[in-house]
There are 2 protein chains.
Amino acid sequence: MTVYKAAVVDAAKASRAVRKEPAEGALETSPLQLGELSELLGYSLKRAQLKVFEDFLHCVAPLQLTPAQFSVLLLLEKNPGRNQTEIANTLGILRPNFVAMLDGLESRDLCARARSANDRRSHVLMLTDKGKAVLARAKKLVASKHEARLNELLGPANRAALLSMLTKIAREF
Amino acid sequence: MTVYKAAVVDAAKASRAVRKEPAEGALETSPLQLGELSELLGYSLKRAQLKVFEDFLHCVAPLQLTPAQFSVLLLLEKNPGRNQTEIANTLGILRPNFVAMLDGLESRDLCARARSANDRRSHVLMLTDKGKAVLARAKKLVASKHEARLNELLGPANRAALLSMLTKIAREF
DNA sequence: AATAATTGTTATTCACCATATCAAATACCG
DNA sequence: CGGTATTTGATATGGTGAATAACAATTATT
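Summary of the structure given here. All of these numbers come straight from a predicted model, not from anything done at the bench. (Residues numbered from 1 in each chain as written. Chains lettered and ligands numbered in written order. Predicted model: local features only at pLDDT ≥ 70, side-chain atom pairs only at ≥ 80, totals over all residues. Heavy atoms only, no water.)

1. Observations concerning the packing of aromatic side chains
Inference 1: Scanning the entire structure with this criterion turns up two aromatic pairs over all chains.
Inference 2: Look at Phe-56 of chain A and Phe-70 of chain A: their rings are 5.4 Å apart centre to centre, the planes differ by 55 degrees, and that puts the pair in the tilted class. Within this pair, whereas Phe-56 of chain A is found in helix H2 (residues 41-59), its partner Phe-70 of chain A is found in helix H3 (residues 67-78), the two being separated by 14 residues in sequence.
Inference 3: Between the NZ or CZ atom of Arg-149 of chain A and the centre of the ring of Phe-173 of chain B, over which it lies, the distance is 4.2 Å. (Phe/Tyr/Trp six-rings, centres within 6.5 Å; stacked < 30°, edge-to-face > 60°. Helix = DSSP H or I, 4+ residues; strand = E, 2+ residues; numbered from the N terminus. Lys NZ or Arg CZ within 6 Å of the ring centre and 35° of its normal.)

Listed below in structure tokens is the structure:
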């Protein structure tokens, strides 16, 4: 169960490929009936999640950060000095898969591994100065573009209610 | 952007692997601070979606249907006689990837392809009798186990509000 | 001291996602 | 009508995510 990952792609391009706009004067076939599909929570959940990730990627594109990478940076900022297992587990990333992910962040000098003094098996993780700076910029982009757009669509109260229910499902379901 | 797919796996097993329960008398390290992560809608959205899919797979396991396959069957029931392109597009599945998916359903005799009389390029899709029967059973399982559990967790009103907001995001965001 | 468990890592497998390309069939257009 | 473009289902391929097994180094257990 790896959580909150997404490839850095041109989201608009992918979206266009799927929508397959009827290419102008095309034979317009009648739209399909979604039927009970529109009552399936999982279906809406997945489609909404794809849309939100797509917008996240677009908003934070200047910094080339995926949702998963952003979540790692956020977690490292709040919890410096933890090891790979702890960070990976909290995010629902399997430790083997977290290695390559960290390699990517470290090669961009956004975070650093250091051998722990107490336990020489584990690597202590922390943000670099550049990592802190990039994260700060990312936060601003996310807040001013991404989350702001969600707020605009739903309204603050609805957005809060939505977040609350999603969190509840994630925790208790 | 393929929507509503999920592998048929033992969800509980995967979940256990991630949670990594502290194996009894293990050195209990203090839990990490999620920090601003808990305010990120996309993060909760993704984690909730994984939980919901996991439960769906569990509930409908006797019939060996993934969310994606279930959505195809639902769509075929409501829209018999459509071709592969139409069904795939509506679900956000790319046509090349839809071929193998249909092969799977057809090899289990859940649906059938037939060459169209009007346009001999396209395949007209429809549920088989077995497909209708399996879908009927699946619907009952989903309603009585899966959606019922969500209703119990959130309450009917909240569940409806959640669905409404997710649909809005999926459509308008 | 011997054995078991943990940490980071590699390798590998599988599902999903996306693009390019193709042959057959159809639509379009001069 | 005939030639070109488009559409449909299909194949091949590459990329990414997710999951498991296994390993060496280190630490914990007993």
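2. A look at the pattern of salt bridges
Inference 1: Summed over all chains, the structure comprises 20 salt bridges over all chains.
Inference 2: The salt bridge partner of Glu-36 of chain A is Lys-139 of chain B, with a shortest N-O separation of 2.6 Å. Here Lys-139 of chain B lies in helix H6 (residues 129-154) and Glu-36 of chain A lies in the loop between helix H1 (11-19) and H2, a pairing that spans two chains.
Inference 3: For Glu-36 of chain A, a relative accessible area of 37% gives the class partly exposed.
Inference 4: Of the charged contacts, one joins Arg-159 of chain A and Glu-147 of chain A as a salt bridge, the two residues approaching to 2.8 Å between their closest N and O atoms. Highlighted residues: Arg-159 of chain A in helix H7 (residues 156-172) and Glu-147 of chain A in helix H6 (residues 129-154), separated in sequence by 12 residues.
Inference 5: Taken together, the shared-partner salt bridges connect Glu-36 of chain A together with Glu-77 and Lys-139 of chain B into one network. (Salt bridge = Lys/Arg side-chain N within 4 Å of Asp/Glu carboxyl O. Buried < 20%, exposed > 50% of the residue type's maximum accessible area, 1.4 Å probe, protein only.)

3. Here's the deal with the side chain of Ser-116 of chain A
Residue and element names in this part refer to chain A.
Inference 1: Position of Ser-116 relative to the elements: it lies in the loop between strand E1 (111-115) and strand E2 (123-127).
Inference 2: Polar contacts involving the side chain of Ser-116 include one to the main-chain amide nitrogen of Asn-118, which spans 3.3 Å.
Inference 3: One polar contact links the side chain of Ser-116 to the main-chain amide nitrogen of Asp-119, over a distance of 3.2 Å.
Inference 4: Residues within four places of Ser-116 in sequence aside, it is in contact with Ser-122 and Val-124. (Polar contact = N/O pair within 3.5 Å; in protein donor to acceptor, adjacent residues only side chain to side chain. Contact = heavy atoms within 4.5 Å.)

4. Points about helix H7 (residues 156-172) of chain B
Inference 1: The end-to-end C-alpha distance of H7 of chain B is 24 Å, a good match for the 24 Å that 17 residues give at a rise of 1.5 Å each.
Inference 2: Those residues of H7 of chain B that sit buried are Arg-159, Leu-162, Leu-163, Met-165, Leu-166 and Ile-169 of chain B. Across the axial projection of H7 of chain B, the buried residues extend over an arc of 165 degrees, all falling on one side. Within H7 of chain B, the exposed residues directed more than 90 degrees away from the buried face are Pro-156, Ala-157 and Arg-171 of chain B.
Inference 3: Here the buried face of H7 of chain B lies against H2, H6 and H7 of chain A together with helix H2 (41-59) and H6 of chain B. (Expected span 1.5 Å × (residues − 1). Arc of directions from axis to C-beta.)

These figures come from the coordinates and say nothing about function on their own.
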